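Letter by letter, the chains look like this.
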Amino acid sequence: MDMSLNRKIVQYAGKLDGCHVCEVGPGPGGITRAILERDIAHLHVIEKDRRFLPGLEMLANASGCLTVHQGDVLRFDMGNLFPEECVRPWSDNEPHLHIIGNLPFNVATPLIFQYMEAISNRTGAWRYGRTRMTLTFQKEVAERMVATTHSKQRSRLSLDIQNLCEVKLKKIIPGSAFVPSPEVDVGVVHLVPRKKPRIDLPYRLIKKVNRHLFHYRQKMCKNSLCTLFPADQPELVIELLEDANINPAKKSVDFTMNQIDRLCHSYNKICQRLPYIYDYEYRDPKSLKHYKELSELEKELQYRPTFDDDDLITDRDLLDDNDLEFDHVEESETI
């Protein structure tokens, strides 16, 4: 990329004075150079491709405030990357930390889901507080991240991210500006974790509900959400929608965040009453086998025969006449 464009991406990150920065996927180091031009405290870069390491090491030697880490960003733990004095309470302002990256498209999407889970659990880079991010994505993915209700781009990615972060699409950059040039344009996205998520439930539960809701984007939500439950319990999806006060004919792209909140809380109620529902996955053979075993056990318990008190066999019923006579003698001797 042209150096002026590298500087522009770094500019979208905002004020970096005195910040500790982590760049993910620096490649040949164009954005790295632009970051080093700012008045930062220190820069860490995480690069998987060994071909780029010699050039990055040269930058490190020249700058004195750059540390190069060779590794896969999807497996790299940032939990101990920054100084402890950077830690701030979650309810406080953002720490003087920033994550910046121009990643390959095949890495960027799984990485952002991984980061959302870390934000929810306050682990990794978010152990230090509400660490900010400025990352690039394929234009269509970037547009989904900021998509609002009724938008054709609305997706589970929109809801997962907007639940946990304030997200802004800063710039669309033509693909021709990059080397090698991708066939699609690129969006620069800025994310700041919220002090409180908009849905106060475990991330795994919210992610699961959103995933099922957007299975069939153009169908009524009752048809999408029925996959949350075993096929032999269709009454549960009716209960879910009635409790959440959701129109069964509503389409997924038309859901507001408040409606998603009600939906997730209603699903959580069902999971509290029927714990096996939380782990049920209709496409997972192990999950289906487990549910079948539970169902068979439940039927066995339901059809187990019951007895009246008169039908119960006591220990005394098992004694023969001789035993009873012996007991009578023992009692007489005792008296």
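Residues numbered from 1 in each chain as written. Predicted model: local features only at pLDDT ≥ 70, side-chain atom pairs only at ≥ 80, totals over all residues. Heavy atoms only, no water.

Participant: Even after reading the chapter, I still don't get the environment of Lys48, so can you show me in this structure?
Facilitator: Among the structural elements, Lys48 can be located in the loop between strand E2 (42-47) and helix H3 (53-63). Taking the C-alpha atoms as reference points, Lys48 and Gly25, separated by 23 residues in sequence, lie 7.3 Å from one another. Beyond its immediate stretch of four places on either side in the chain, Lys48 contacts Gln70, Gly71 and Asp72. (Helix = DSSP H or I, 4+ residues; strand = E, 2+ residues; numbered from the N terminus. Contact = heavy atoms within 4.5 Å.)

Participant: I keep staring at the packing of aromatic side chains and nothing clicks. Help me out?
Facilitator: Any aromatic ring pair is given by two values, namely how distant the centres are and how the planes are angled relative to each other. Scanning the model with the defined rule gives five aromatic pairs in all. For the pair Phe82 and Tyr128, a centre-to-centre distance of 5.4 Å together with 75 degrees between the ring planes defines the contact as edge-to-face. Of this pair, Phe82 sits in the loop between strand E3 (66-70) and strand E4 (97-102) while Tyr128 is found in the loop between helix H4 (105-121) and strand E5 (132-138), placing the two residues 46 residues apart along the sequence. Just as Phe82 is buried, Tyr128 falls in that class too. Residues Phe229 and Tyr267 carry aromatic rings whose centres are separated by 6.0 Å and whose planes lie at 55 degrees to one another, so their mutual orientation is tilted. Here Phe229 is found in the loop between helix H8 (221-225) and helix H9 (235-244), whereas its partner Tyr267 is found in helix H10 (residues 257-273), with 38 residues between them in sequence. Given the relative accessible area of 3%, Phe229 is considered buried. The class for Tyr267 is buried, based on a relative accessible area of 0%. (Phe/Tyr/Trp six-rings, centres within 6.5 Å; stacked < 30°, edge-to-face > 60°. Buried < 20%, exposed > 50% of the residue type's maximum accessible area, 1.4 Å probe, protein only.)

Participant: Explanation requested: the layout of surface pockets in the structure shown.
Facilitator: Remark: the empty space left among the atoms is shown by a probe the size of a water molecule rolled over them. Considered as a void within the structure, the largest pocket measures approximately 780 Å³ in volume. Taken together, 30 residues line the largest pocket, and the ones lying closest to its centre are Gly25, Gly27, Asn102, Leu103 and Pro104. Elements with a contribution of two residues or more to the lining of the largest pocket: strand E1 (20-24), helix H2 (30-36), E2 and H4. For the lining of the largest pocket, the residue count by class is 17 nonpolar, nine polar and four charged. Estimates place the volume of the second largest pocket at around 220 Å³. Around the second largest pocket, the lining comprises 14 residues; the ones closest to its centre are Arg144, Ser155, Arg156, Leu157 and Phe214. (1 Å grid on protein atoms, 1.4 Å probe; cavity = no way out; pocket = protein on both sides within 12 Å on 5 of 7 lines; lining within 4 Å. Points joined across faces, edges and corners; volume = space filled by probe spheres on them. Nonpolar A, V, L, I, M, F, W, Y, C, P; charged D, E, K, R; others polar.)

Participant: Would you mind going over the packing of H4 against helix H6 (residues 156-164) with me for this structure?
Facilitator: Helix packing for two helices is described by the angle between their axes and how far apart those axes are. Interhelical geometry of H4 versus H6 gives an angle of 30 degrees and a closest axis separation of 10 Å. The handedness of the crossing between H4 and H6 is left-handed. Across the interface between the two elements, Ile112, Phe113, Met116, Ile119 and Ser120 from H4 touch Arg156, Leu157, Asp160, Ile161 and Leu164 from H6. Broken down by class, the residue content of the contact of H4 with H6 amounts to seven nonpolar, one polar and two charged. (Axes fitted to C-alpha atoms, helices over the stretch in contact; angles between N-to-C directions. Left-handed = near helix turned anticlockwise from the far one by under 90°.)

Read these as geometric descriptors, not functional statements.
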